[in-house]
Amino acid sequence: MFYSSSRWLSPVFELRNEIAIFLSKQDHKHAEEFCDKLFLIKLSYLADTFEKLNSLNFQLQGNKTNIF
């Protein structure tokens, strides 16, 4: 469950420029955040952290292993 609930961060970070353009065209209230350097630093940090945690979680479970 952890893997599936946090894997959306990496694509959001990778598509940050496209998301910023889309949100600015829609006059969305969060459009400014994708131009904010501090927000992007935090987003990249979270994306990297969750990617490492997902990798660790997968290694601990192993292939085709269910903890239950």
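Scoring rules and cut-offs
Residues numbered from 1 in each chain as written. Predicted model: local features only at pLDDT ≥ 70, side-chain atom pairs only at ≥ 80, totals over all residues. Heavy atoms only, no water. Helix = DSSP H or I, 4+ residues; strand = E, 2+ residues; numbered from the N terminus. Buried < 20%, exposed > 50% of the residue type's maximum accessible area, 1.4 Å probe, protein only. Contact = heavy atoms within 4.5 Å. Areas by Shrake-Rupley, 256 points an atom, 1.4 Å probe, with all protein chains shown as cover. Core = buried A, V, L, I, M, F, W, Y, C linked by side-chain atoms within 4.5 Å. pLDDT = per-residue confidence, 0-100. Expected span 1.5 Å × (residues − 1).

Before going further, it helps to spend a moment on the overall build of the chain. Helix and strand counts for the chain come out as 4 helices and 0 strands. Counting across all 68 residues of the chain, residues that qualify as buried make up 16%. Within the chain, contacts between residues separated by at least 24 positions form 62% of all contacts whose residues are at least 6 apart in sequence. Split by element, the accessible area of the chain, about 5900 Å² in all, is 60% carbon and sulfur.

Our focus in this paragraph is the nonpolar core. One finds Leu9, Ala20, Leu23, Ala31, Phe34, Leu43 and Ala47 forming the largest nonpolar core, which totals 7 residues. Those elements that provide at least two residues to this core are α3 (16-25) and α4 (37-61). Those residues in contact with Ala47, other than ones at most four positions away along the chain, are Leu9, Ser10 and Phe13.

A few words now on unusual backbone geometry. The backbone phi angle of Asp27 is positive, close to 55°, even though this residue is not glycine. Given a relative accessible area of 69%, Asp27 falls into the exposed group.

Further remarks concern the confidence of the model for the chain. The pLDDT averaged across the chain works out to 83; a share of 81% of its residues lies at or above 70. Mean pLDDT across the elements of the chain bottoms out in helix α1 (residues 2-6) (53) and peaks in α3 (95).

Let's shift gears to α4. Each α-helix winds once per 3.6 residues, and so residues spaced three or four apart point in a common direction. In this model α4 runs 36 Å from its N-terminal to its C-terminal C-alpha over 25 residues, within 8% of the 36 Å that 1.5 Å per residue would give. If you check which residues of α4 are buried, you get Leu40, Leu43, Ser44, Ala47 and Asn54.

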